[in-house]
Structures are given as structure tokens and as C-alpha cells.
Amino acid sequence: MTLLRSVSILLLCAAVAACEGSAKNNHHVGGGGGGGGGEPGPPPTSDAIRPAPAKFSCDASAVPTELPLPRLSRKQLMNSLRFAVDHALPNESDAVWTKLTPILARYPTDQRTPAPGDVKGGFSRLDQSIQQTQVDVMYDLGKAVAQELTSTDARRDALLGSCASDSQTSNDRACLETFLRGWGARVLRHPLSTAEVTLFADIAGATPVDKAAVADVITTLLNSPGFLYRIEHGTTAGQPASPLSAFELAAKLSYQFWQAPPDDALWASAEDGSLLTDSGFEAQLDRMLQSPRLRGSLDEFVSEWLRLDELPSLVALRNDPIYRSFVGAQMPTDATRTAMFEDVQLSAWSTLVSGGSVSDFLNDRRSYTADPFLAGIYGVPIWDGSGAAPVIPSQSRSGLLTRAALLATGTASTRPIHKGYLVRNALLCQQVGAPPPNASDRPPAPTDRMTTRQVVTQLTSGGSCGGCHNNSINPPGFVLEGFDALGRERGVERLFNPQGQETAAPSVDTSADVWLYDSEQRVISNAAELSRMVDESQLFESCVAQHYFRFAHARVESTSGDGCLLSELESVARSGAPMADLLKTIARHPTFKQRSFQ
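Residues numbered from 1 in each chain as written. Predicted model: local features only at pLDDT ≥ 70, side-chain atom pairs only at ≥ 80, totals over all residues. Heavy atoms only, no water.

What exactly am I supposed to notice about the overall build of the protein here?
Within the protein, the regular secondary structure consists of 25 helices and 6 strands. For the protein, the C-alpha radius of gyration of 27 Å lies close to 25 Å, the compact-globule estimate for 598 residues. Taking the principal axes of the C-alpha coordinates as reference, the protein spans close to 90 × 55 × 50 Å. Intrachain contacts of the protein at a sequence separation of at least 6 include 73% that bridge at least 24 residues. Between the averaged position of the 52 positive side-chain charges in the protein and that of its 65 negative side-chain charges there is a distance of 4 Å. (Helix = DSSP H or I, 4+ residues; strand = E, 2+ residues; numbered from the N terminus. Rg over C-alpha atoms; globule rule 2.2 N^0.38 Å. Contact = heavy atoms within 4.5 Å. Lys, Arg positive; Asp, Glu negative; His and termini not counted. Charge placed at Lys NZ, Arg CZ, Asp CG, Glu CD.)

Dropping the structure here:
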């Protein structure tokens with residue numbers, strides 16, 4: 001297999017070398033969003049925040065940048081491998097997949113890198129790097145899949161048909177080529193040309209249906225650039241931009257919204273050409289956005305945008321005296337942590353499928369948990385996933401900002417700096433600068449005599465830290481001090497000595513002078529007022545549009561080259577239109593259906 005491994009690596013390297021380039025990334029500050037609806041929130045105030053100016057503008061002459069050769073993300077690659085196994089041996093795919101689990105675990109995780117100027121965040125899709133470990137593990141995966149699919153004569157025959165085991169040998173080459181035109185085309189996501197079929201079939205040599213020879217062919221195919229990347233040639237040569245073929249468009253749609261290869265219906269629409277018609281494209285787009293398969297993509301977007309994975313384990317400190325006293329009689333579990341993530345994800349999913357807007361997601365006050373501990377925090381019965389999710393009764397729970405996933409810390413300290421930065425950077429898309437080199441990476445914690453707010457203020461209000469913390473970071477975090485480090489509502493902060501004995505319970509101060517943009521600044525004292533300010537400013541809606549652009553395109557935006565699409569996304573997000581329209585705007589934009597070679 002040494003020669004085969006070399007062929008696979010050369011194919012991979014050739015594809016990478018053939019496409020070079022990089023996006024010009026210009027990060028900026030500002031923006032907003034609008035809409036409303038869903039469950040009623042706190043009553044409006046007469047001192048409303050003015051909508052912020054639009055962040056993005058369209059220059060019709062600008063040329064958007066594109067990734068030169070989009071690599072499948074880890075999730076997309078795993079889904080593509082599962083698709084290949086399912087389509088080869090549908091009745092045995094679970095057993096085959098189980099055998100692959102140890103090798104799958106070795107494939108590197110995509111790394112999230114913050115956008116230029118940001119301290120945290122980023123999407124794993126943006127990791128387009130190639131590591132030697134990826135090449136090695138993918139080779140091992142391709143080899144293992146091939147060996148499993150051809151491990152017995154019966155499995156080989158299920159792949160190739162009866163022609164693989166009949167008494168004839170003259171039809172063996174045709175038998176293998178037919179397999180490549182069927183299964184191979186679906187796995188590589190386009191009909192194979194005669195030259196491609198010949199290239200792969202020649203690997204089998206003089207024994208085209210021998211199990212080992214077929215395994216060599218499958219290994220090479222699964223390590224080819226056409227499988228590992230989304231390669232787009234377009235349909236017109238020598239032009240600055242070329243319309244995508246029907247099959248290229250089908251793959252782009254399916255990986256964008258389902259993180260997987262085209263299903264049978266989408267493939268059929270590419271085969272008959274209907275996908276290239278306006279009505280056929282819209283029919284497929286609507287079908288895909290109404291499918292439960294969309295949820296995986298939406299969950300990934302929401303989780304990475306809101307940095308949910310930054311919440312540590314809720315049980316790591318279970319033996320710490322202070323944490324045990326803080327939590328009380330019932331300790332949360334790691335299942336509770338997962339439930340907190342799902343509560344946010346299901347809020348987004350429920351908003352999307354019910355026709356709600358971006359603003360509705362921000363203000364959604366329903367609980368989506370079956371976890372008893374989390375349901376107890378919200379004061380609602382558990383939700384079994386059927387029927388309407390229960391509305392959280394407390395008016396202090398204003399929606400997204402007060403979901404436990406964004407409030408809990410895994411410690412007894414509330415971490416207002418972390419929350420303030422999350423609001424500024426993830427929800428408003430505002431940059432606040434990097435911390436000084438000598439800044440501690442340990443979050444300030446309350447003492448037995450000083451509250452969290454007092455400690456944070458003492459540490460950050462002066463010197464080089466004061467400007468950012470006093471004006472931008474700390475105020476939103478202080479407003480959220482009405483919730484403890486598990487997300488429970490509170491009016492006092494219980495302080496403990498190192499032995500876990502309560503020493504004091506001073507009232508919590510949640511008042512803060514919160515600046516949003518320009519002259520829009522208010523003194524507020526609760527999370528509901530903060531949510532209202534964020535929503536009325538429309539900064540949140542513009543920020544969602546900006547983050548979804550990054551997720552969809554696997555790169556940071558160029559404010560000049562991408563302004564037209566960003567402006568459309570921002571307009572949709574601010575308009576109160578259904579959140580699904582934000583996703584549709586990506587696919588309907590002319591740049592989605594073409595490949596730029598500029």
C-alpha cells in the first residue's frame with residue numbers, strides 16, 4: 001500500500017498547490033438589528049434607544065473574496081464518510097461505523113481562532129489549515145473503510161453487484177467502472193468523467209474485482225481532493241466569475257445547511273437540471289430549511305457564536321468547600337451543563353421553525369429543558385419536547401441574556417468581566433481591546449468580606465485597565481449580577497470563608513451606566529433593561545448577521561468586498577423577518593451560485 005498512500009498524498013498536495021490565496025479581513029465596530037414578538041417581555045420604556053446606524057453598505061463594483069479551496073470541516077468530513085458507508089452497505093452501516101470509531105477519534109479537532117481584533121470567539125469552520133496528522137488519519141480512515149466494505153465476498157458483491165462473482169472475467173473492468181459511476185459519483189459529489197473513471201479503475205490493475213484491488217480503489221477515492229474539499233470549477237472557462245454546475249450548487253447547499261453531501265432528492269434535482277431553475281432552487285432551499293437535518297448546522301452556529309463551550313464542568317469543584325456551600329444540597333451534574341447548552345440551541349431552533357425573528361430569539365422566555373436541576377433554576381416543569389415549551393414565570397428572565405448557559409461559571413463566582421465581554425463582543429460585535437500583557441488570567445473571586453463587584457472594581461477601575469473596564473466591559477456584567485454563578489436569581493450575594501462557612505450576605509448592586517454607541521447611554525439596574533437596550537439599538541441583529549456571514553463563508557468578512565451581502569443580511573435581521581430568511585439570503589445571493597476566480 002506504499003504506492004497507494006503516495007498517490008493519495010500527491011493528489012491532496014496537488015489540489016492545495018493549485019489554489020492559493022487569502023481573504024482580506026477587515027474587522028470593524030458598530031451595527032444593530034430589530035424585530036420583536038414571541039412571549040411578552042417587560043413593558044416598553046419611553047426612554048427608548050435609537051436604532052444604531054447600519055454597519056454595512058454595498059459597493060456594487062466591489063469583488064467579494066472567496067476561499068481558494070474550501071476544506072471540509074471535521075464534522076462535514078465525518079458526515080461524508082458516514083454517507084459513503086451508508087450508500088455502500090446500507091444494511092450493515094452501523095456495524096461498519098462502530099469499527100471505525102477508534103480511528104475517527106484520532107482525527108484532529110478544528111481550531112477556533114478569534115477574528116482580528118477579538119480576544120475570543122471564532123468558528124471552527126474557519127480552520128482551513130492542513131496538518132500532517134489530518135493526512136495520516138484520513139489515509140487510515142480511507143483504508144479502514146475500504147477494508148470493511150470489502151472484508152467478505154458478500155460485501156464486495158453488495159458493492160459491485162453479481163458481476164463481481166460470476167464466472168465471466170471479461171466483464172470485471174466494466175463491473176468496477178459501473179460501481180465508480182454510481183457510488184463513486186455520489187461520494188465525490190459529481191458525475192465522474194471517463195478520465196476520472198479510468199484513473200480510479202486503473203488502480204485495481206489486472207484484477208478489477210479482487211477484494212484487495214477494490215479496497216485500493218476505495219482508499220484512493222476517499223483520500224482524493226474531490227472528497228476532502230469542495231472543488232468548484234464552474235461552467236465557463238476563462239471568465240472572472242463562472243456559474244456553478246448543478247452538482248457543485250447541490251454540494252454547496254447541502255454542506256452549508258446540512259453539513260453533509262446531497263441527499264437523493266437534491267442529487268436528482270441536479271441530475272435533471274431543475275436545481276438551476278429559480279423554482280427548482282427555491283423548492284430545494286425550502287425543503288432543506290424545513291428539514292430536521294438543519295438543526296445540526298444551526299446548533300453549531302449558535303454554540304460557537306455564543307461560546308457555550310467556555311462554560312466549565314459544573315462538578316469539577318464538587319469537593320471544594322466554598323462551591324459546595326454555594327450550590328447547596330443538590331449538586332448539578334454534567335448532564336445539567338449539556339442541558340444548558342441545549343436550552344439555548346433549542347430556543348434558536350424553536351424561533352426558526354416557528355417563523356420568529358432574530359429579535360424573538362433574543363427575547364424568547366421559554367424553557368426548553370428536560371433536566372430537573374435546570375428546570376428548577378427557571379421555576380418551570382421539565383419539557384418533554386412535545387407541545388409548547390413552558391414560559392419562565394419571572395419577568396427578570398428577559399430571554400437569551402438570562403439563560404443559564406450564559407450565566408453559569410462552574411465556580412462560586414459570577415465572572416462579570418467574562419459576561420461583559422461576551423455581551424460586547426459576541427452580542428454587539430464591538431471590540432474592546434486586548435488586555436495588557438501583565439493581566440491575570442484568573443477571574444476575580446469574592447472574598448469572605450468583599451462582593452464580586454467590589455473585588456472586580458478594585459482590580460480593574462484604575463491604571464491601564466480602567467478605560468475599557470469602566471466604560472465597556474464591567475457595566476453589562478454588573479447588570480447581570482442579579483443572577484448567581486449557576487444562573488439562579490438572587491437579591492443578595494452569599495460570601496464564604498475558605499472553609500465554606502457563610503460570613504455575610506450583602507445586597508447585590510445591579511445598577512450600571514451602560515453605553516451602547518454614540519450618545520446612547522443609560523443607567524439601568526436589571527437584565528430586562530439591558531436586553532431592551534440591546535434590542536432597541538438593533539446592534540444585536542446586525543451582529544448576528546455578521547457572525548452568520550462568517551459561519552456560512554468560513555472566513556472573516558471584508559467590509560469592502562462583502563458589503564453588499566452583509567448589507568442584505570443586516571437588513572433582513574433588522575426588519576423583523578423570520579430568522580429563516582437570514583439563512584435564505586445567503587443562498588439567494590448571486591455570489592452563492594457562482595465561483596469567482598479573481
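Alright, that's what it looks like, and here's the rest.
Quick question: what am I supposed to make of the side chain of K55 here?
As for its position among the elements, K55 is in the loop between α1 (2-18) and α2 (74-88). Here K55 occupies a buried position and makes no salt bridge, while the nearest side chain of opposite charge, E557, is found at 6.5 Å. Polar contacts involving the side chain of K55 include one to the side chain of Q546, which spans 2.3 Å. (Buried < 20%, exposed > 50% of the residue type's maximum accessible area, 1.4 Å probe, protein only. Salt bridge = Lys/Arg side-chain N within 4 Å of Asp/Glu carboxyl O. Polar contact = N/O pair within 3.5 Å; in protein donor to acceptor, adjacent residues only side chain to side chain.)

What is the right way to look at the pairing of strand β4 (residues 512-517) in this model?
For a regular strand, side chains alternate in direction, first toward one face of the sheet and then toward the other. Of the strand pairs in this sheet, β4 and strand β5 (residues 520-524) are connected by 5 bridges, and their pairing is antiparallel. Across the sheet, the residue bridging to Y517 is E520, located in β5. (Pairing = 2+ DSSP bridges.)

Would you mind going over helix α25 (residues 579-588) with me for this structure?
In an α-helix there are 3.6 residues to a turn, and that puts residues three or four apart on one side. Most of α25 sits inside the fold, with 8 of its 10 residues counted as buried. If you check which residues of α25 are buried, you get M579, A580, L582, L583, K584, T585, I586 and A587.

I would appreciate a short explanation of the pattern of salt bridges in the present structure.
Oppositely charged side chains are able to pair whenever their charged atoms sit close together. Under the criterion given, the structure shown has 39 salt bridges. Residue D47 pairs with R522 through a salt bridge whose shortest N-O separation is 2.9 Å. You can see D47 sitting in the loop between α1 and α2 and its partner R522 sitting in strand β5, a full 475 residues away along the chain. You can call D47 partly exposed: its relative accessible area is 44%.

For this particular structure, what's the right way to read unusual backbone geometry?
For residues that are not glycine, phi is negative in most cases, and the peptide bond is trans in most cases. The phi dihedral of R189 is positive, around 70 degrees, even though this residue is not glycine. Backbone geometry places C429, a non-glycine residue, at a positive phi of 55 degrees. Looking at the element boundaries, C429 is found in the loop between α19 (416-427) and α20 (452-460).

Even after reading the chapter, I still don't get the packing of helix α23 (residues 539-553) against helix α24 (residues 563-575), so can you show me in this structure?
Each packed pair of helices is defined by two parameters, the angle between the axes and the distance between the axes. Two numbers describe how α23 lies on α24: the axes approach to 8 Å, and their chain directions differ by 135 degrees. Overall, the two elements α23 and α24 adopt an arrangement that is oblique. Relative to α24, α23 is oriented so that their crossing is right-handed. The residues of α24 that touch α23, namely those facing E541, S542, A545, Q546, F549 and H553, are L565, L566, L569, E570, A573 and R574. Split by residue class, the contact of α23 with α24 holds 6 nonpolar, 3 polar and 3 charged. (Axes fitted to C-alpha atoms, helices over the stretch in contact; angles between N-to-C directions. Parallel < 35°, antiparallel > 145°, perpendicular 65-115°, else oblique. Left-handed = near helix turned anticlockwise from the far one by under 90°. Nonpolar A, V, L, I, M, F, W, Y, C, P; charged D, E, K, R; others polar.)

Just checking my understanding: could you explain the side chain of D343 for this structure?
Relative to the assigned elements, D343 resides in helix α15 (residues 334-353). Among the polar contacts made by the side chain of D343, one reaches the main-chain amide nitrogen of Y368 at a distance of 3.0 Å.

Whenever I open this one, the environment of S347 confuses me. Can you help?
Take S347: it is sitting in helix α15. Once the C-alpha coordinates of S347 and F361 are considered, the two residues, 14 residues apart in sequence, prove to be 6.7 Å apart. The contact partners of S347, leaving out residues within four places of it in the chain, are F361, D364, Y368 and R403. In this structure the side chain of S347 is engaged in a polar contact, spanning 3.4 Å, whose partner is the side chain of R403.

Any chance you could explain the environment of L188 here in plain terms?
Looking at where L188 falls in the secondary structure, it is placed in helix α6 (residues 172-188). Under the relative-accessibility criterion, L188 is labelled buried at 5%. Through-space distance from the C-alpha of L188 to that of S80 is 9.4 Å; in sequence the pair is 108 residues apart. Beyond its immediate chain neighbours, meaning those up to four positions away, L188 contacts F200, L221, S224, G226 and F227.

Whenever I open this one, the state of the cysteines confuses me. Can you help?
Here a disulfide denotes one covalent bond, and it connects the sulfur atoms of two cysteines. Scanning the entire structure with this criterion turns up 3 disulfides. Between the sulfur atoms of C58 and its disulfide mate C564 the distance is 1.9 Å. Linking C58 and C564, the disulfide has an S-S dihedral of approximately 75 degrees and is accordingly described as right-handed. Pair noted here: C58 is in the loop between α1 and α2 and C564 is in helix α24, with a separation of 506 residues, a long-range link. For C564, a relative accessible area of 19% translates into the label buried. Across the disulfide from C429 sits C543; the S-S distance is 2.1 Å. Of note, the bridge from C429 to C543 carries an S-S torsion of about 80 degrees and is right-handed in sense. With C429 in the loop between α19 and α20 and C543 in helix α23, this pair connects stretches of sequence that are 114 residues apart. (Disulfide = S-S within 2.5 Å.)

What's the story with the packing of helix α3 (residues 93-104) against helix α4 (residues 132-149) in this structure? I'm lost.
With their axes 10 Å apart at the nearest point, α3 and α4 run at an angle of 160 degrees to one another. Of the possible angle classes, the one that applies to α3 and α4 is roughly antiparallel. Pair α3 / α4 crosses with right-handed handedness. Of the residues in α4, those in contact with V96, K99, L100, I103 and L104 of α3 are V137, D140, L141, A144, V145 and E148. Split into classes, the residues belonging to the contact of α3 with α4 amount to 8 nonpolar, no polar and 3 charged.

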